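The residues making up each chain are set out below.
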Amino acid sequence: MRISTGVRLVIFVAAIGSTTVAANFISQDKKGKTPQTASLFPKDGPKIPLGLVPILWPDDNAYTPEKAELGWLLFFDPRLSSDSTVSCASCHAPAFAFADGQPVSTGIKGHKGGRSAPSVINRGYGALQFWDGRAASLEVQAKGPIANTIEMTNEKDAAKAHATCLERLRSVKEYRQLFKKVFGVEDFTIDQVAQAIATFERCVLSGNSPYDKFKAGDKSALTESQQRGFSIFFSNNARCDSCHDGSALTTNQFANIGIGMDKPSPDWGRFNVTKREDDKGAFKTPGLREIARTGPYMHDGSLKTLEDVVEHYDKGGIKNQWLHQDIRPLKLSKQDKTDLVAFLHALNGEGWQQFKAPVAFPK
Ligand code: HEC
Ligand code: HEC
């Protein structure tokens, strides 16, 4: 991660009798004014864009602006990885709408994983994380990559990986101060690292798209083609909404739509977690917001464009004995396909663009 030195600005305010640190890691705007952290992480939680429902904050990890800011710093900090080369943002980058634009992602020492990096946008709306849902919360998920030898660590043992990550972070004075401020302790734990990161992730939202404006009554928000695509998406024929429904456009259910099922040894997805026969080849239904920005698509990154995705559904997926019943030939016309893709573009919105990489990290 490159840190631009020109705009580096770290201000310390040492309040008498306490260890409060008011650090500013945010880049200056064009007029040379530094936007306050408060505008990134408001006191009462993130502003919920049009079309989204309020975030449900877990009882054991409530929102505070300081915790969200700490999570933001950790999310972008490559020191979470063994050799300080890989951060969460390496594979979930703002430039790619918090995904990485690659079919499968590349971690430490150039190791390649077997699955595509999903976006973290709107992940606060689903409990189960990962394509196969193996992590029960964002807090549990965040500890995964830190202990993953393909992604962020050289350590084979997960406990050791977490311990060495903690050692690196605890050696940074400003992190000790920030954790003290947020959690009341300097010798913070990996669970607290994960809690801070999860708090940040719950602030990364996307709504207020042309689709939301259209639904709210602005009939000019969608083009005619997009309006036809809207009707197809929610039609009894295509039934996209039988899986992609709700404000984040996912029911968070698992389904086999045939992706990768024609490979010699398919990724069994959800089955690996539940060992239930009917979960074979099933993956978590992704939310579709910002979808035009997060290709290539599917758990294995095998479909390059939204046109390819629509073709996949139109032909009825890839046949296999576990294929979901709603995946069958749709007989869409050329125009229908164009319209459906146009509609998917109308799901690009806002609520995440303000989160850029910090201009400096705790020292
Ligand atoms: C080397 C690339 C890489 C790094 C580094 C990485 N991730 Fe991921 N991330 C992935 C991939 C690939 C998946 C999907 C893996 C799977 O489902 O088995 C994923 C899945 C996720 C998910 C689940 C999304 C969903 O839709 O279920 C979240 C949340 C997430 N990562 C956050 C993080 C955080 C937080 C960090 C840093 C602690 C991080 N990632 C580091 C590649 C990466
Ligand atoms: C039976 C449930 C179901 C239906 C119906 C369905 N989808 Fe999906 N969709 C999924 C699942 C599950 C995935 C991920 C599959 C995988 O990676 O193996 C997915 C993936 C996608 C993706 C790629 C997301 C990403 O982040 O890579 C797009 C785009 C998409 N669907 C659009 C649609 C459209 C358009 C329709 C209607 C024509 C539709 N879906 C119908 C379940 C469904």
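Residues numbered from 1 in each chain as written. Chains lettered and ligands numbered in written order. Predicted model: local features only at pLDDT ≥ 70, side-chain atom pairs only at ≥ 80, totals over all residues.

Student: Tell me about the site of ligand 1, residues and numbers included.
Tutor: Around ligand 1 sit 26 residues in total, of which Cys88, Cys91, Gly107, Phe130 and Pro145 are the nearest. Taken together, the elements giving at least two residues each to the shell around ligand 1 come down to α3 (88–91), α4 (138–146) and α7 (190–201). The element that contributes the greatest number of residues to the shell around ligand 1 is α4, accounting for 5 residues. Among the residues forming the shell around ligand 1, the class breakdown is 15 nonpolar, 7 polar and 4 charged. (Near = placed C-beta within 6 Å. Helix = DSSP H or I, 4+ residues; strand = E, 2+ residues; numbered from the N terminus. Nonpolar A, V, L, I, M, F, W, Y, C, P; charged D, E, K, R; others polar.)

Student: Which residues make up the site of ligand 2, and what values go with them?
Tutor: By nearness alone, 25 residues border ligand 2, and Cys240, Cys243, Ile259, Tyr297 and His299 come closest of all. The biggest single contributor to the shell around ligand 2 is helix α11 (residues 306–314), with 3 residues. Class assignment of the residues belonging to the shell around ligand 2 gives a composition of 17 nonpolar, 6 polar and 2 charged.

Student: Tell me about the nonpolar core, and name the residues and values.
Tutor: It is characteristic of soluble globular proteins that their nonpolar side chains tend to be buried jointly. With 48 residues, the main nonpolar core has Leu74, Phe75, Ile197 and Val204 as its most contacted residues. Elements that contribute at least two residues to this core include exactly α2 (65–76), α3, α4, α5 (158–170), α6 (173–183) and α7. The element that contributes the greatest number of residues to this core is α2, accounting for 7 residues. If you look at the next biggest cluster of nonpolar residues, it comprises 32 residues, including Leu222, Phe233, Ala255 and Ala346. (Core = buried A, V, L, I, M, F, W, Y, C linked by C-beta atoms within 7 Å. Buried ≥ 20, exposed ≤ 12 C-beta atoms within 10 Å, placed from the backbone.)

Student: Break down α2 for me, with residues and values.
Tutor: Across its 12 residues, α2 extends 17 Å between first and last C-alpha, which sits within 8% of the 16 Å expected from 1.5 Å per residue. Counted residue by residue, α2 has 10 buried out of 12 residues, so it is predominantly covered. When we look at burial in α2, the residues that qualify are Lys67, Ala68, Glu69, Leu70, Gly71, Trp72, Leu73, Leu74, Phe75 and Phe76. (Expected span 1.5 Å × (residues − 1).)

Student: Lay out the environment of His244 with the relevant residues and their values.
Tutor: Here His244 shows up in the loop between α9 (224–233) and β1 (254–255). Note on His244: 19 C-beta atoms within 10 Å, which makes it partly exposed. For His244 and Thr285, which are 41 residues apart along the polypeptide, the C-alpha to C-alpha distance reads 7.0 Å. Setting aside residues no more than four positions away along its own chain, His244 makes contact with Leu249, Thr250, Thr285 and Leu288. (Contact = placed C-beta atoms within 7 Å.)

Student: With reference to specific residues and values, describe the packing of α4 against α7.
Tutor: Contact geometry for α4 and α7: axes closest at 8 Å, N-to-C directions at 115°. Judged by the inter-axis angle, α4 sits roughly perpendicular to α7. Seen along the crossing, α4 lies across α7 with a hand that is right-handed. Contact residues: α4 offers Leu138, Glu139, Ala142 and Lys143, while α7 offers Ile190, Ala194, Gln195, Ile197, Ala198 and Glu201. (Axes fitted to C-alpha atoms, helices over the stretch in contact; angles between N-to-C directions. Parallel < 35°, antiparallel > 145°, perpendicular 65-115°, else oblique. Left-handed = near helix turned anticlockwise from the far one by under 90°.)

Student: Outline α9, supporting the account with residue identities and numerical values.
Tutor: Among all positions of α9, only Gln226, Gly229, Ile232 and Phe233 are buried. For α9, the buried positions fall inside an angular range of 115° around the axis, keeping them on one side. (Arc of directions from axis to C-beta.)

Student: Can you break down unusual backbone geometry residue by residue, with the values?
Tutor: Among all residues except glycine, the phi angle is most often negative; among peptide bonds, the trans geometry is most common. Gly295 connects to Pro296 through a cis peptide bond whose omega is -10°. Relative to the helices and strands, Pro296 resides in the loop between β2 (283–284) and α11. The phi angle at Lys109 is positive, at roughly 55°, despite the residue not being glycine. Looking at where Lys109 falls in the secondary structure, it is placed in the loop between α3 and α4.

Student: So what's going on with the environment of Ile257? Residues and values would help.
Tutor: Tracing the chain through its elements places Ile257 in the loop between β1 and α10 (271–274). The contacts of Ile257, once residues within four sequence positions are left out, are Gly317, His324 and Ile327.

None of the figures reported here should be taken as evidence of function without further support.
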